Amino acid sequence: MGILDVVLLTKRLSLFLLLAGVFNVVVWPRFAVAIWQDPRAWTGSTPTTFFWVHAVLIGSATLIGLAVAGVGALGWFAARRPASSLAH
C-alpha cells in the first residue's frame, strides 16, 4: 500500500481545490492575452525576454491549476463514495 492509498480529502477541501484550480485555468490564459498585446513583449516581430518569462509563468501556472483541479475532483468523487468502498 502506497502513501497515496490512504490520503482522504474532505468534501470542503476537495471543493476548494477544484475551485482554485478552475480559477487558475480561467484567469491565466486571459493574462496571456494581455501579455501578448503588451508592447514590451515584442521588438518588432521578435518576442522579448519579458514575453518568454511570462509565457513560462502562465504555462506553468495553468498546468499547476489543472493538476490542483484534478486532485480536487478526485477528492470530491472519492468523498461521495460510501466509506465501505474506500477500505481495501
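Whatever comes next refers back to the structure up there.
Here's a quick rundown of the structure. Only a predicted model underlies this, so the values are computations on that prediction, with no experimental measurement involved. (Residues numbered from 1 in each chain as written. Predicted model: local features only at pLDDT ≥ 70, side-chain atom pairs only at ≥ 80, totals over all residues. Heavy atoms only, no water.)

**Notes on the packing of aromatic side chains**
- As enumerated under the stated definition, the model contains 5 aromatic pairs in all.
- A ring pair is formed by W28 and F31, whose centres lie 5.6 Å apart and whose planes are at 80°; its orientation type is edge-to-face. Of the two residues, W28 and F31 both sit in helix α1 (residues 11-37), 3 residues apart, roughly one turn of that helix.
- Judged by relative accessible area, W28 falls into the partly exposed class, the value being 21%.
- Ring centres 5.1 Å apart and planes at 85° place the aromatic pair F51 and W52 in the edge-to-face group. (Phe/Tyr/Trp six-rings, centres within 6.5 Å; stacked < 30°, edge-to-face > 60°. Helix = DSSP H or I, 4+ residues; strand = E, 2+ residues; numbered from the N terminus. Buried < 20%, exposed > 50% of the residue type's maximum accessible area, 1.4 Å probe, protein only.)

**Quick notes on helix α2 (residues 49-80)**
- For α2, with 32 residues, the first-to-last C-alpha span of 46 Å sits near the 46 Å given by 1.5 Å per residue.
- Regarding α2, the residues found buried are F51, H54, I58, A61, T62, G65, A69, G72, G75 and A78. (Expected span 1.5 Å × (residues − 1).)

**A few points about α1**
- Over its 27 residues, α1 extends 40 Å from the first C-alpha to the last, a length consistent with the 39 Å expected when each residue adds 1.5 Å.
- Among the residues making up α1, those that are buried are S14, G21 and I35.

**Considering the environment of W42**
- Note on placement: W42 falls in strand β1 (residues 42-43).
- Here W42 is in contact with W36, P47, T48 and F51, once residues within four sequence places are set aside. (Contact = heavy atoms within 4.5 Å.)

**Topic: the side chain of T62**
- Note that T62 resides in helix α2.
- Among the polar contacts made by the side chain of T62, one reaches the main-chain carbonyl oxygen of I58 at a distance of 2.8 Å.
- Among all residues touching T62, those that are not within four sequence positions of it are V25, W28 and P29. (Polar contact = N/O pair within 3.5 Å; in protein donor to acceptor, adjacent residues only side chain to side chain.)

**Here we look at the pattern of salt bridges**
- A full pass over the atoms with the stated rule returns 1 salt bridge.
- In this structure, R40 engages D38 in a salt bridge whose closest nitrogen and oxygen atoms are separated by 2.7 Å. (Salt bridge = Lys/Arg side-chain N within 4 Å of Asp/Glu carboxyl O.)

Note that all results are geometric; they support no functional claim without further evidence.
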